[in-house]
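Chain and residue survey
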Amino acid sequence: MAWRFDREAGQGLKLISPTFGYVLVMLAAPLLMVITFSFWTQDYLTIDTTLTLDNYREAWTQPLYQVLMWRSLKISLIVTVVTVLLAFPIAYYLSFHVKKRKALWLFLITVPFWTSYLLRVFLWKVILGYNGVFNTTLMGLGFIEEPLTFILYNLNAVVITLAHAWAPFAILPIFVALEKIDRSLLEAATDLGDSPMRRFFRITLPLAMPGIVASTLIVLIPTVGDFITPRLVGGTDGLMISNMIQIQFGKANNAPLGAALAVSAMVVIGLISAGIFFAGKKLGGRVR
Amino acid sequence: MQDDKTPMIAIRDVVKKFGSFTALHGITADIREGEFFSLLGPSGCGKTTLLRTIAGFEPTTSGTIAIDGKNMADIPANDRPTNMVFQSYAIFPHLNVEENVGYGLKTRKMPKKDIAREVAEVLSLVDMEGYGKRKAHELSGGQRQRVALARALVMKPKVILLDEPLSALDKKLRDQMQVELRSLQRSIGITFILVTHDQEEALIMSDRIAVMFEGQIEQLDTPEGLYRRPVNKRVASFIGVMNFLSAKVTEQTDTHLTLDMDALGKIDLPRDRLGEDITPESIGTVGVRPEMLTVLFDQSDWSQNKVEGEVVDTEYYGDMTYYKVRLPGRDAPLSISMRNTAGRSVVPPGSPVTVGWGAESIVVFGD
């Protein structure tokens, strides 16, 4: 079809052009660079620009990278499930049971954003540490004899910290989806004989599915790539693929391998996201 | 079996309060089995609230509702023998027409084969065969309305509750649906309760109508009873058009009253024409419907009362003409409707006319 460059289209383009330019420079260009890098080779201080798949071969066959990739996926999937499961009741309560002051509640949910992400991760260190708030409280109350060590510098700590950090992002899309449900649909289901529980699974949940899928993706995608949290609270057991990518670009001085790892991670998470998206779409229409 | 004296729905002194606002002030009514019953009133009169208390969506503050002789106080909405057709239709958007209609049967754990049969049957009843696989967004307003009705009918409830089901349809479709709904109700014999603010709709469809104002039933009667014998001015002006004239009793005998009416003059009425609550002393107003007044084209055969006036406005509707006629000694003109039968021409504004009326057309109101 012919491109109709009329006045209105021109105005529209003008309106989005700053954003478009920004995205082009800050996102598309670096991404293209990373992809290009992944087909090159590091030759000590210089870069060999002959195209090769060697980096990908190494990224996909080396056990270390496989372990890290699996662990990253595992951690982010656990974080996602925990976060969405915890976010749903909050969003549900907010949408169905808070009659007045909904805005205040939404405002309170964003309160964690008032401190920087880094600071919040450090705070979790203080809470979960060997002599941290959690352990000293439990010992003081006599529940435990010695400090629990399985809560810091391992996978659990990463899950706890990330789930907390991403909770607001998970709550809001689910809340919006629940708000959009016409309440007369729920009355109709009751009218047709459904108990509240049955109604929830046949009407509320399927209709909230777009919000649940959105929350899942919003939490899943960035947590796979997170490297601050595993670095600070993960110990050696909690290291993730992004930490390795960071090392390759930095200390190891092998940017092409780092790039290949980054692109691989991106492709894997892209495929998983697409899978979740379509499964959610199908589920939203099928659950009854 | 229920005997004839047990009403399908017995509503006794039902009060409903929302905080400090009282939506229903002690409603008492009986709704008979197989009846097409309407709750009619302006918005905010409590008619929808009453319907929702019957459905079980709103608990009553006090009073009882019994359906088929069984008190509904402790029975939640999902266990009541009622099904509702919602104003918004509330078609489940993630399910197709068949799944929507079969929704309640599935809750009852009916076998799939039976559900399919029942659904097909009821879809043909509402003229929606072949639409089973469509989703809500692929249906027109009228079709959604039919699906919502089918979804309630398939449950074979004792009572079907309809919350302004036709208000979202355009006029032509609404007129058609009124007739269809009425004949459907007659053929299946289920008790229907309709909530509407449209008096014409209520008159056309109902066996009986409860007219509600401010949380109370003002009059419960047949359509004809409501139209011909409204109990007060509020009901009279809500149902159709009514000319109100101030009036006073000037003489009384044991059997008759003589009324002196504004502009129309004196008239003798038998006492039994007064409503139950009306004493001769309380009479302050009389009413007369526009079609009960006649513009006399030929006065030779008119033996009843007549009065001279002047046409101030004429509205021509093809089959009908609506006149506004000013009478001497009265500011507000009278509304008169005339059927345009053969030989009747339209009288232009400014023309002098003679208006004829009969004593039987006068409705008396207390003040």
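Every chain is numbered independently, its residues counted from 1 as its sequence is written. Throughout, the order in which chains and ligands are written sets their labels, letters from A for the former and numbers from 1 for the latter. Given that the model is predicted, a residue must reach a pLDDT of at least 70 before its local features are reported, and side-chain atom pairs must reach 80 or more before they are shown or counted; all residues, however, enter totals for whole chains, interfaces and linings. Note: side-chain values were computed over all heavy atoms of the structure, leaving out hydrogens and water.

As recorded in an unreviewed UniProt entry, chain A goes by the name ABC transmembrane type-1 domain-containing protein, listed as coming from Roseovarius atlanticus.

Helix and strand labels come from DSSP, where a helix needs a run of H or I of at least four residues and a strand needs a run of E of at least two; each type is numbered from the N terminus. Assigned secondary structure in chain A consists of 12 helices and two strands. When its helices and strands are written in sequence order, chain A yields α-β-β-α-α-α-α-α-α-α-α-α-α-α. Dimensions along the principal axes, computed over C-alpha positions, put chain A at roughly 75 × 70 × 35 Å. The long-range share in chain A, meaning contacts at least 24 apart out of those at least 6 apart in sequence, stands at 67%. For chain A, the computed accessible surface area is about 16,600 Å², with 72% contributed by carbon and sulfur atoms. Note on charges: Lys and Arg go in the positive column, Asp and Glu in the negative column, and His and the chain ends are not counted at all. The location of each charge is read from NZ of Lys, CZ of Arg, CG of Asp or CD of Glu. Between the mean site of the 23 positive side-chain charges and the mean site of the 15 negative ones, chain A shows a separation of 8 Å. Contacts: residue pairs with any heavy atoms within 4.5 Å of one another. With residues, only the protein chains shown are counted as cover, and all accessible areas are computed by Shrake-Rupley using a 1.4 Å probe.

All names here are of chain B. The way it works is a 1 Å grid over only the protein atoms, where trapped points that fit a 1.4 Å probe form a cavity and open points with protein on both sides within 12 Å along at least five of seven lines form a pocket, and then any residue with an atom within 4 Å of a point lines it. Grid points are joined across faces, edges and corners, and a volume is the space filled by probe spheres set on the points. Quantified by volume, the largest pocket comes out at close to 720 Å³. As for the largest pocket, its lining consists of 28 residues, of which Arg229, Pro230, Gly275, Val363 and Val364 are closest to the centre. Only strand S10 (216–221), helix H8 (223–228), helix H9 (233–238) and strand S20 (363–366) provide two or more residues apiece to the lining of the largest pocket. It is S20 that contributes the most residues to the lining of the largest pocket, four residues altogether. For the lining of the largest pocket, the per-class residue count stands at 10 nonpolar, six polar and 12 charged. Counting contributing residues per domain, the lining of the largest pocket is built from domain 1 (9–231) and domain 2 (241–367), each supplying no fewer than three. Throughout this entry, Asp, Glu, Lys and Arg are counted as charged residues, while Ala, Val, Leu, Ile, Met, Phe, Trp, Tyr, Cys and Pro are counted as nonpolar. The remaining residues, Gly among them, count as polar. Those domain boundaries reflect an automatic or database domain assignment.

This paragraph deals with the interface of chain A and chain B. Each side of the interface is counted separately: chain A has 21 residues, and chain B has 22 residues. Roughly 2,000 Å² of surface becomes buried between chain A and chain B when both sides are summed, with 56% attributable to carbon and sulfur atoms. Note on definitions: salt bridges are taken to be side-chain nitrogens of Lys or Arg within 4 Å of carboxyl oxygens of Asp or Glu. In this structure, the connection of chain A to chain B is made through one salt bridge. With a shortest N-O distance of 2.5 Å, Glu187 of chain A and Arg52 of chain B are connected by a salt bridge. Here a polar contact means two N or O atoms within 3.5 Å. Within protein one must be a hydrogen donor candidate and the other an acceptor candidate, and residues neighboring in sequence count only if both atoms are side-chain atoms. Counting across the interface, chain A meets chain B through 10 residue pairs in polar contact (both at pLDDT 80 or more). Contributing elements (two or more residues each) for the side of chain A that touches chain B: helix H8 (183–191), helix H9 (196–224) and helix H12 (255–286) of chain A. Here the side of chain A that touches chain B takes seven residues from H8 of chain A, the largest share from any one element. A breakdown of the residues in the side of chain A that touches chain B according to their chemical character gives eight nonpolar, six polar and seven charged. Two parts placed together each lose some accessible area; with a 1.4 Å probe, that loss summed over both constitutes the buried area.

Right, let's talk about the side chain of Arg146 of chain B for a bit. Within the secondary structure, Arg146 of chain B is located in helix H5 (residues 141–153). Setting aside residues up to four positions removed in sequence, Arg146 of chain B forms contacts with Val126, Asp127, Met128, Gln176, Met177 and Glu180 of chain B.

As a further point, take the UniProt feature "domain: ABC transmembrane type-1" (unreviewed entry) in chain A. UniProt positions are given in the numbering used here, feature names are shortened, and annotations may be inferred rather than shown by experiment. In this structure's numbering, the residues bearing the UniProt feature "domain: ABC transmembrane type-1" (unreviewed entry) are residues 69–278 of chain A. End C-alpha atoms of residues 69–278 of chain A are separated by 23 Å, and the span's content is 75% helix alongside 0% strand.

Another point: H5 of chain B. Working note: α-helix, 3.6 residues per turn, so residues spaced by three or four point in the same direction. Residue and element names in this part refer to chain B. For a helix, the expected span equals 1.5 Å multiplied by the residue count minus one. Here H5 contains 13 residues, and its C-alpha end-to-end distance of 18 Å stays within 8% of the 18 Å for a straight helix at 1.5 Å per residue. Exposure classes here rest on a 1.4 Å probe applied to the protein chains alone. A residue is buried below 20% of its type maximum, exposed above 50%, and partly exposed in between. Counting buried residues along H5, 11 of its 13 residues qualify, which places the element largely inside the surrounding structure. Those residues of H5 not exposed but buried are Gly142, Gln143, Gln145, Arg146, Val147, Ala148, Leu149, Ala150, Arg151, Ala152 and Leu153.

Bringing the pairing of strand S7 (residues 159–163) of chain B into the picture now. All names here are of chain B. The buried count for S7 comes to five of five residues, which makes it a mostly enclosed element. Of the two faces of S7, the one lined by Val159, Leu161 and Asp163 and the one lined by Ile160 and Leu162 are each fully buried. Examined bridge by bridge, S7 and strand S8 (residues 191–196) share five bridges and lie parallel to one another. Bridge assignment links Leu162 to a residue of S8, and that residue is Leu194. Looking down the strands as they point away from you, a crossover is right-handed if its path from the first strand over the helix to the second goes clockwise. Running through helix H6 (residues 171–188), the crossover from S7 to the neighbouring parallel element S8 is right-handed. We call two strands paired when DSSP finds no fewer than two bridges between them.

Pairing between the strands of a sheet is mediated by backbone hydrogen bonds and can be parallel or antiparallel. Residue and element names in this part refer to chain B. Strand order in the open sheet formed by five strands is S13-S12-S11-S14-S20, with antiparallel pairing between adjacent strands. Looking at which strands have only one partner, the edges of the open sheet turn out to be strand S13 (265–270) and S20. Averaged over all adjacent pairs, the angle separating strand axes in this sheet is 40°, with direction ignored. Here strand S12 (residues 256–261) runs beside S13; their pairing, made up of six bridges, is antiparallel. In the strand pairing of S13, Asp260 is matched with Lys266. Axis definition: a line fitted to C-alpha atoms, limited for helices to the stretch in contact. Angles are taken between N-to-C directions and run from 0 to 180 degrees.

Bringing the sheet that holds strand S15 (residues 294–295) of chain B into the picture now. All names here are of chain B. With respect to topology, five strands assemble into an open sheet ordered S15-S19-S16-S17-S18, the strand pairing being antiparallel. Of all the strands in the sheet, the pair left with one neighbour each is S15 and strand S18 (334–339). Here strand S16 (residues 305–316) pairs with strand S17 (residues 320–326) via six bridges, running antiparallel. Opposite Asp313, over in S17, you have Lys324 as the bridge partner.

Residues and elements named next belong to chain B. Mapped onto the elements of the fold, Pro81 is located in the loop between strand S5 (70–71) and strand S6 (82–85). C-alpha of Pro81 to C-alpha of Gly275: the two residues are 194 residues apart in sequence and 38 Å apart in space. Each residue touching Pro81, except ones within four places of it in the same chain, is listed here: Ile67, Met72, Pro157, Lys158 and Val159.

Moving on: the nonpolar core. Ile9, Ile11, Ile54, Phe92, Val101, Leu153 and Ile193 of chain B are the most contacted members of the largest nonpolar core, which has 112 residues in total. Of the residues forming this core, the biggest block, 12 residues, is contributed by helix H7 (residues 155–179) of chain A. Residues in contact with Ile9 of chain B, not counting those within four places in the same chain, are Ala29, Asp30, Ile31, Ile54, Ile65, Ala66, Ile67, Val159 and Ile193 of chain B. Buried Ala, Val, Leu, Ile, Met, Phe, Trp, Tyr and Cys residues that are joined via side-chain atoms within 4.5 Å together make up what is termed a nonpolar core. If you look at the next biggest cluster of nonpolar residues, it comprises 29 residues, including Ile278, Ile283, Met338 and Ile362 of chain B.

Pairing is possible between side chains that carry opposite charge, provided their charged atoms lie close to one another. All chains considered together, the criterion is met by 24 salt bridges over all chains. Close ionic contact of Arg57 of chain A with Asp54 of chain A constitutes a salt bridge, the shortest N to O distance being 2.8 Å. Of this pair, Arg57 of chain A and Asp54 of chain A both sit in helix H2 (residues 54–61), three residues apart, roughly one helical turn. When its relative accessible area of 52% is taken as the criterion, Arg57 of chain A is described as exposed. By relative accessible area, Asp54 of chain A is classed as partly exposed at 44%. Put simply, Arg234 of chain B and Glu214 of chain B hold a salt bridge, and the shortest N to O gap is 3.4 Å. Of this pair, Arg234 of chain B sits in helix H9 while Glu214 of chain B sits in the loop between strand S9 (208–213) and S10; the two residues are 20 residues apart in sequence, bridging distant segments of the chain. According to the relative accessible area criterion, Arg234 of chain B is partly exposed, its value standing at 35%. According to the relative accessible area criterion, Glu214 of chain B is exposed, its value standing at 55%. Beyond isolated ion pairs, a larger network of salt bridges with shared partners links Glu187 of chain A together with Lys16, Arg52 and Glu58 of chain B.

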